[in-house]
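One letter stands for each residue in the lines below.
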Amino acid sequence: MWGSWGGWLSLWFFFFFFDIIMEEKAPILRVPIFKFAHPTTKQISFHTIIRSSDAKSMDDLTKATTARNEMAEQLEKGEPGSSTVVAAIERYIPYMYGLVIGVEGQPHIRLNDPLCFTWTSGIGSSKKSTPEYTYRFEVVMVLISYGFALANRAWALNETTTEANFEENSKQVAHFLRLAAGVFDYVHISELPRWVNMPAVRPAETFPHITTATSHMCIAAAQDLTVKKAVAKTGTSKAVVVKLAAEVWRRYEAAQDEVKAATGDWKKALSSTFVKFLEASMLLGRANAYRFAGMVQQEAQKLGLAVSYLNVAAKCLQDIPMPTKASSDLAPWKAMLEEQKAEIEHFHRAYTNENDLIVYDRLTDEKLLDVPEPKGLMTPVPYNPPYPAFAEIH
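Residues numbered from 1 in each chain as written. Predicted model: local features only at pLDDT ≥ 70, side-chain atom pairs only at ≥ 80, totals over all residues. Heavy atoms only, no water.

## Quick word on the overall build of the protein
Keep this limit in mind: In DSSP terms, a helix is any run of H or I states spanning at least four residues, a strand is any run of E spanning at least two, and both are numbered starting from the N terminus. Exposed residues in this analysis have more than 50% of their type's maximum accessible area, buried residues have under 20%, and partly exposed residues fall in between, with area computed by a 1.4 Å probe over protein chains only. It only takes one pair of heavy atoms within 4.5 Å for two residues to be counted as in contact. Areas reported as accessible are Shrake-Rupley estimates using a 1.4 Å probe. Residue values count occlusion only from the protein chains shown. Within this scheme the basic residues Lys and Arg register as positive and the acidic residues Asp and Glu register as negative, but His and the chain ends are omitted. In plain terms, the charge of a residue is placed at NZ if it is Lys, CZ if Arg, CG if Asp and CD if Glu.
A count of helices and strands for the protein gives 12 helices and two strands. The burial tally for the protein puts 51% of its 394 residues in the buried class. Sequence separation of at least 24 residues holds for 79% of the intrachain contacts in the protein that already meet a minimum separation of 6. As presented, the protein carries roughly 18800 Å² of accessible surface, and 55% of it is formed by carbon and sulfur atoms. Once the 41 positive and 44 negative side-chain charges of the protein are each reduced to a mean point, those two points are 2 Å apart.

Laid out in structure tokens, this is it:
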């Protein structure tokens, strides 16, 4: 009899001390952030295409040409996450709006050649260029490129996050993500409705569902940082952490719903990396929300409920296709996914072993569990376009 009990106790002590070792691991402070490819565009010479009759107009058009071509070069050759890409787009935007006000729809303007704006997609499955002869296409693609560049600044900073710089880094990462979300919202609310007679074939990011999805993605990642801060801060209530984590899940789920709402060929035009990242982030967000809900129940000594919540979290993890090759869609996030997966599996294993070996508490069916309620702390920073660099062309 004692031998049997001794075996059970030895097994229990093994898991107990194994859990202590796991608890001492350094916290995971980076969050999954999507790295957008830059849309690219061909260079344009406004001062040779648009006729002008005075020196100031010629100077304005020449400066617009220079600013746009510098932006085009940075989008083609600049590193994702580089501040120079952001700065190049910001320099061109005032000239872009000057062209909209001073040239678009002005009956006195004459062109030497057709003015065609050509862009590729940053999140499309194809890099084929789309030509359009409207300034609205230009405005939408420039601003979306700006949003992508801001989000990539957050991605780059996130990659450098350590325990030593987490406090300051996380503020900057969240700031850039909120700025990017504000740009995507502005495009969705203000610019897309002004673009009439949109062509059926155009870059996927110019569709309303996708601009909304990218905004949700940015806020979800920013919200994830609040979860990291709450967990790292001593004394934070697990009940608060559950709500913060549930908002990450809700945002990614909302983004995925926007993509699922897509119909027609343009849904197929999205890159598989974008779609799979979104799916994996939603599942990871749900897993974390249920993980923390389980920890709340464990603190309340309701181990059966704790295991039940962790069972849902483990099921979510099983649905995430872990990358096995460098060419896999989720390969850039492999290490981060594996870290978070190991952390959640640790709690699932610890609670399950304790319940199976000692407590024997009854489990609850997933359908009967209370769904974690979200609490959002992150919102988009509203985007306000700069004043046009000029208002008239003569």
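## Looking at helix 5 (residues 135–159)
Let me state the cut-off plainly: Take the residue count of a helix, subtract one, and multiply by 1.5 Å to get its expected span. Pairs of N or O atoms are called polar contacts if they sit within 3.5 Å, as long as, within protein, a hydrogen donor faces a hydrogen acceptor (for residues adjacent in sequence, only side-chain-to-side-chain pairs).
An ideal rise of 1.5 Å per residue puts 36 Å on 25 residues; helix 5 measures up with 36 Å between its terminal C-alpha atoms. Most of helix 5 is tucked away: 23 of the 25 residues are buried. The backbone nitrogen of R136 has a side-chain oxygen 3.1 Å away, supplied by the residue at the start of helix 5, namely T134.

## Details of the packing of helix 7 (residues 208–232) against helix 10 (residues 272–299)
Short version of the rule: Axes here refer to lines fitted to C-alpha atoms; in helices the fit is confined to the stretch in contact. Angles between the N-to-C directions go from 0 to 180 degrees. Here a crossing is called left-handed whenever its near helix is offset anticlockwise from the far helix by less than a right angle, and right-handed whenever the offset is clockwise. Three classes are used, and their members are as follows: Ala, Val, Leu, Ile, Met, Phe, Trp, Tyr, Cys and Pro are nonpolar, Asp, Glu, Lys and Arg are charged, and the others, Gly among them, are polar.
At a closest axis distance of 12 Å, the pairing of helix 7 and helix 10 adopts a crossing angle of 35°. Seen along the crossing, helix 7 lies across helix 10 with a hand that is left-handed. Judged by residue contacts, T214, M217, V227 and V231 of helix 7 engage F274, F277, L278 and F292 from helix 10. In the contact of helix 7 with helix 10, the residues fall into seven nonpolar, one polar and no charged.

## Some points on the packing of helix 7 against helix 8 (residues 238–260)
This is how it is decided: Any angle between 65 and 115 degrees counts as roughly perpendicular, while under 35 counts as roughly parallel, over 145 as roughly antiparallel, and the rest as oblique.
Closest axis-to-axis distance for the helix 7/helix 8 pair is 8 Å, and the angle between their directions is 165°. Overall, the two elements helix 7 and helix 8 adopt an arrangement that is roughly antiparallel. Note that helix 7 runs across helix 8; the crossing there is left-handed.

## Re the environment of R202
Examined against the element boundaries, R202 turns out to sit in the loop between helix 6 (166–191) and helix 7. Here R202 falls in the buried class, since its relative accessible area comes to 12%. Separated by 45 residues in sequence, R202 and E247 have C-alpha atoms that sit 32 Å apart. Discounting residues that sit within four places of it in the chain, R202 has contacts with T130, W195, F207 and P208. In terms of polar contacts, R202 uses its side chain to reach the backbone carbonyl oxygen of P199, at 2.8 Å.

## Focus: the environment of F137
Secondary-structure assignment places F137 in helix 5. Taking the C-alpha atoms as reference, F137 lies 44 Å from V312; in sequence the two are 175 residues apart. Setting aside chain neighbours within four positions, we find F137 in contact with F117, W119, T130, E132, W195 and P203.

## Quick word on the side chain of Q340
For Q340, the location among the structural elements is in helix 12 (residues 334–359). The class of Q340 is buried, set by a relative accessible area of 2%. The residues touching Q340, leaving out its near neighbours within four places in the chain, are I28, R30, P32, K228, L284 and N288.

## Structural notes on the nonpolar core
As a reminder of what qualifies: The term nonpolar core refers to a set of buried residues drawn from Ala, Val, Leu, Ile, Met, Phe, Trp, Tyr and Cys, joined through side-chain atoms within 4.5 Å.
Counting 118 residues, the largest nonpolar core has F46, I50 and L143 as the members making the most contacts within it. When residues of this core are assigned to their parent elements, the largest contribution, 16 residues, is made by helix 5. Among all residues touching I50, those that are not within four sequence positions of it are L61, L99, V103, I109, R110, L111, L115, Y135 and I393.

## Considerations on the packing of aromatic side chains
Here is the rule we go by: Here the aromatic set is Phe, Tyr and Trp, taking the six-membered ring for Trp, and pairing holds for ring centres within 6.5 Å; pairs whose planes are under 30 degrees apart are stacked, those over 60 apart are edge-to-face, and all others are tilted. We call a charge positioned above a ring when the Lys NZ or Arg CZ atom is no farther than 6 Å from the ring centre and deviates by at most 35 degrees from the ring normal.
As enumerated under the stated definition, the model contains 17 aromatic pairs in all. Between Y290 and Y309, the ring centres sit 5.6 Å apart and the planes meet at 45°, which makes this aromatic pair tilted. Placement of the pair is Y290 in helix 10 and Y309 in helix 11 (residues 303–318), with a sequence separation of 19 residues. With respect to class, Y290 is no different from Y309; both count as buried. Through a chain of ring-to-ring contacts, three or more aromatic side chains come together here, namely F34, F36, F148, F184, F274, F277 and W333. Seen from the ring of F207, R202 lies directly overhead, with NZ or CZ sitting 3.6 Å from the centre. Above the ring of F292, the side-chain terminus of R291 is found at 4.1 Å from the ring centroid.

## Some points on the pattern of salt bridges
Keep this limit in mind: The rule for a salt bridge is simple: a side-chain nitrogen of Lys or Arg has to be within 4 Å of a carboxyl oxygen of Asp or Glu.
Within this structure, the stated rule accounts for 15 salt bridges. Across the pair R251 and E247 runs a salt bridge, and its minimum N-O distance is 3.2 Å. Residue R251 and its partner E247 are located together in helix 8, separated by four residues, close to a single helical turn. Each member of the pair, R251 together with E247, is buried. Connected through shared salt-bridge partners, E104, R136, E191 and R194 make up one network.

## Here's the deal with the confidence of the model for the protein
Condition: By definition, pLDDT measures how confident the predictor is in each residue, and it falls between 0 and 100.
Looking at the protein, the pLDDT average stands at 90 and 92% of residues meet or exceed 70. Note on residues 9–24: pLDDT is under 50 here. Beyond four places in sequence and across chains, it has 13 contacts.

## Comments concerning unusual backbone geometry
Although it is not a glycine, Q301 sits at a positive phi angle of roughly 60°. Looking at where Q301 falls in the secondary structure, it is placed in the loop between helix 10 and helix 11. Of note in the backbone geometry, Y360 takes a positive phi value of approximately 60° without being a glycine. The residue Y360 is located in the segment after helix 12 in this model. A relative accessible area of 61% places Y360 in the exposed class.

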